[in-house]
Amino acid sequence: MTVYAFVFPGQGSQSVGMGADLAAAFPAARAVFEEVDEALGEKLSKVIFEGPAETLTATDNAQPALMAVSMAVLRVLETEGGLDLKKKATFLAGHSLGEYAALAAGRSLNIAETARLLRLRGQAMQKAVPAGEGAMAAIIGATPEQVREICKAASNDGIVEIANDNGGGQTVISGQTDGIEKAILIAKEMKIKRALKLPVSAPFHCSMMRPAQETMAEALAKAPVMPPVVPVIANVTAEQETDTQTIRTNLINQVTGQVRWRESVENMVSAGVESFIEIGAGKVLSGLIRRISSESSVLSVGTPADIENFLKTL
């Protein structure tokens with residue numbers, strides 16, 4: 001029997017119109033979007049389906065929106081295809097905000113609470129650093145050791161930290177704008193394949209996000225968190241977690257901590273996972289996983305056609 005992990009995408013996977021065909025075709029998907037709208041007290045679904053793109057891309061919208069699409073896909077798989085995640089999945093994991101979607105999928109958090117937490121998380125992350133003071137950059141084709149060397153060399157010009165170890169030679173760094181720009185220059189001097197500034201509105205997953213971390217610590221202390229029905233791999237530890245207090249702590253630390261995606265995938269493969277199913281918008285994680293573990297089977301499930309194809313394999 002195939003050993004599955006279900007994974008959930010993070011920011012950057014959003015696109016206007018995502019999930020609209022699901023909502024049109026399946027009552028279970030519509031119910032998810034309605035639940036998220038009600039939890040937030042506004043029609044986020046209208047922004048998801050119709051845009052405009054700049055409104056959807058705003059961090060406080062993109063985060064609950066991506067979770068909503070992932071959960072809509074999953075609910076259709078469960079209601080139409082009889083998917084039992086507890087029986088089918090060995091692990092759940094998500095990239096950054098995707099970790100919240102993974103916890104919602106595993107019934108650790110309910111959908112309404114997850115939407116509210118992600119709306120708050122997006123707002124807090126945006127407010128943590130004044131516009132222009134922080135930046136992020138992607139370093140392509142460098143080893144983790146080289147990226148650490150670049151961060152250390154650039155830190156005289158400002159905070160520079162590893163935000164995402166995405167695997168396949170892709171690392172994202174985050175920090176003060178001057179430090180990030182210096183890191184890009186150093187990477188070019190080192191003849192690293194590519195180093196480019198990312199079009200993001202704040203320096204996520206670095207120590208500059210401490211004000212947002214404090215906001216989320218307060219919110220998560222009150223949030224009802226249950227043990228997930230399937231172990232969830234935490235971004236900051238790359239290890240499976242089911243203890244509710246540890247889950248809270250990991251989500252708090254995730255705001256300023258590194259997304260250890262490469263290690264998360266490697267640890268799941270080492271534990272026997274053969275097939276990764278990306279649930280939700282886009283195919284970003286599928287591409288990363290293929291580069292980390294070329295022998296693994298990878299499938300993206302985000303549209304009615306994808307759902308039909310996946311259900312044939314069960």
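Quick caveat, the model's predicted, so the values are computed rather than measured.

**Description of the side chain of Asn61**
Part 1 of the reasoning: The topology assignment puts Asn61 in helix H5 (residues 59-81).
Part 2 of the reasoning: According to the relative accessible area criterion, Asn61 is buried, its value standing at 9%.
Part 3 of the reasoning: A polar contact is formed between the side chain of Asn61 and the side chain of Arg119, at a distance of 2.9 Å.
Part 4 of the reasoning: Non-local contacts of Asn61, meaning those with residues more than four positions away in its chain, are made with Glu42, Leu44, Thr55, Leu56 and Arg119.

**Examining the side chain of Asn166**
Part 1 of the reasoning: Residue position: Asn166 is located in strand E4 (residues 160-167).
Part 2 of the reasoning: Polar contacts involving the side chain of Asn166 include one to the side chain of His95, which spans 2.7 Å.
Part 3 of the reasoning: A distance of 2.8 Å separates a polar atom in the side chain of Asn166 from a polar atom in the side chain of Gln170.
Part 4 of the reasoning: Every residue in contact with Asn166, bar those within four places of it in the chain, is listed here: His95, Val172, Trp261, Arg262, Leu288 and Ile292.

**Observations concerning the environment of Thr215**
Part 1 of the reasoning: Summarising the element assignment, Thr215 is placed in helix H11 (residues 210-222).
Part 2 of the reasoning: In the structure, Thr215 is positioned 207 residues away from Phe8 in sequence and 24 Å away in space, judged by C-alpha atoms.
Part 3 of the reasoning: Filtering out sequence-adjacent residues up to four positions away, Thr215 remains in contact with Leu120 and Ala124.

**Some points on helix H8 (residues 111-128)**
One turn of an α-helix holds 3.6 residues; hence residues three or four places apart share an orientation.
Part 1 of the reasoning: In a regular helix each residue adds 1.5 Å, so 18 residues correspond to 26 Å; H8 covers 25 Å between its end C-alpha atoms and thus fits that length.
Part 2 of the reasoning: Counted residue by residue, H8 has 13 buried out of 18 residues, so it is predominantly covered.

**Topic: the pattern of salt bridges**
Part 1 of the reasoning: Enumeration according to the criterion identifies 12 salt bridges in this entry.
Part 2 of the reasoning: With a shortest N-O distance of 3.2 Å, Glu78 and Arg107 are connected by a salt bridge. Pair noted here: Glu78 is in helix H5 and Arg107 is in the loop between helix H7 (98-105) and H8, with a separation of 29 residues, a long-range link.
Part 3 of the reasoning: Residue class for Glu78 comes out buried when judged on its relative accessible area of 17%.
Part 4 of the reasoning: Glu113 is paired through a salt bridge with Arg116; the nearest N and O atoms lie 3.4 Å apart. With a gap of 3 residues between them, Glu113 and Arg116 both fall in helix H8, about one helical turn apart.

About the criteria used
Throughout, residues of each chain are indexed from 1 in the direction in which the sequence is written. Whole-chain, interface and lining totals are the exception, using all residues; otherwise, since this is a predicted model, local features are given only for residues with pLDDT of at least 70 and side-chain atom pairs are given and counted only at 80 or more. Hydrogens and water are ignored here; the side-chain numbers use all heavy atoms of the structure. Every helix listed is a DSSP run of H or I at least four residues long, and every strand listed is a run of E at least two residues long, numbered separately from the N terminus. Any residue under 20% of the maximum accessible area for its type is buried, any over 50% is exposed, and the rest in between are partly exposed; the area is computed with a 1.4 Å probe on protein chains only. Whenever two N or O atoms come within 3.5 Å, that pair is a polar contact, provided that in protein one can donate a hydrogen and the other can accept it, and provided that, for residues adjacent in sequence, both atoms are side-chain atoms. Any two residues whose heavy atoms approach within 4.5 Å are treated as being in contact. Here the expected length of a helix is defined as 1.5 Å per residue gap, with one fewer gap than residues. Here, a salt bridge means any side-chain nitrogen of Lys or Arg that lies within 4 Å of a carboxyl oxygen of Asp or Glu.

By themselves, these are just geometric observations and shouldn't be taken as functional.
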